[in-house]
Amino acid sequence: MMLVLLLLVLLLVLLLMLMLLLLVLMRSLLPTSGGAEATAALLRDVMQQSFGAFEQRVNGQMQNMHLELVRQFHIQQASFESSLRINAEQTRQVKKRSIAYKDAPLCVDS
């Protein structure tokens, strides 16, 4: 799960770097007239909307993964507590048998 999260974050960073590179290239290639600036602004808005949707999906997946980690923790906690109860009961039984053997009279055949 953590690997998936790491990969998603890495992908998000790479996509943001690509968007920045495209904006730099777009500014260097387009003339500085008013129409070009409007086109650049429109392209920038479209890219921001696209990355915004991607960011929302990544955030949703991260939230789901966090909830799954919490759920798995509770499952492991319940399992561990159950194992401890079983172990405690077995320990009590062994102690009782040990005391019973200790108090038992010795049988010596003559």
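Shown above is the structure to which this text applies.
Just so you know, these numbers come straight off a predicted model, no measurement behind them.

Even after reading the chapter, I still don't get the overall build of the protein, so can you show me in this structure?
For the protein, the count of helices and strands is two helices and zero strands. Burial statistics for the protein: of 110 residues in total, 12% are counted as buried. Surface exposure of the protein reaches about 9300 Å², of which carbon and sulfur atoms provide 66%.

Looking at this structure, I do not really get a nonpolar patch on the surface. What am I missing?
Among the surface-exposed residues, Leu3, Leu6, Leu7, Val9, Leu10, Val13, Leu14, Met17 and Met62 lie close enough to one another that they form a single nonpolar patch of about 830 Å² accessible area. Per-element accounting of the nonpolar patch gives the leading share, eight residues, to helix 1 (residues 2-29). Structurally, Met17 is set in helix 1. With relative accessibility at 52%, the residue Met17 sits in the exposed group.

Please explain the pattern of salt bridges as it appears in this structure.
Any two side chains of opposite charge can pair, given that their charged atoms come close. In total, this model carries two salt bridges according to the counting rule given. The closest approach of N and O atoms between Glu68 and Arg71, which form a salt bridge, is 2.8 Å. Placement of both Glu68 and Arg71 in helix 2 (residues 34-103) is noted, with a separation of three residues, approximately one turn of the helix. By relative accessible area, Arg71 is classed as partly exposed at 42%. Linking Arg92 and Glu89 is a salt bridge whose minimum nitrogen-to-oxygen distance equals 2.9 Å. Here the residue Arg92 and the residue Glu89 both occupy positions in helix 2, the gap between them amounting to three residues, near one helical turn.

Whenever I open this one, the environment of Ala41 confuses me. Can you help?
Mapped onto the fold, Ala41 is located in helix 2. When its relative accessible area of 22% is taken as the criterion, Ala41 is described as partly exposed. Through-space distance from the C-alpha of Ala41 to that of Leu23 is 9.7 Å; in sequence the pair is 18 residues apart.

Quick notes on the rules
Residues numbered from 1 in each chain as written. Predicted model: local features only at pLDDT ≥ 70, side-chain atom pairs only at ≥ 80, totals over all residues. Heavy atoms only, no water. Helix = DSSP H or I, 4+ residues; strand = E, 2+ residues; numbered from the N terminus. Buried < 20%, exposed > 50% of the residue type's maximum accessible area, 1.4 Å probe, protein only. Areas by Shrake-Rupley, 256 points an atom, 1.4 Å probe, with all protein chains shown as cover. Patch = residues over 30% accessible without salt bridge, like charges linked within 9 Å, V, L, I, M, F, W, Y side chains within 5 Å. Salt bridge = Lys/Arg side-chain N within 4 Å of Asp/Glu carboxyl O.

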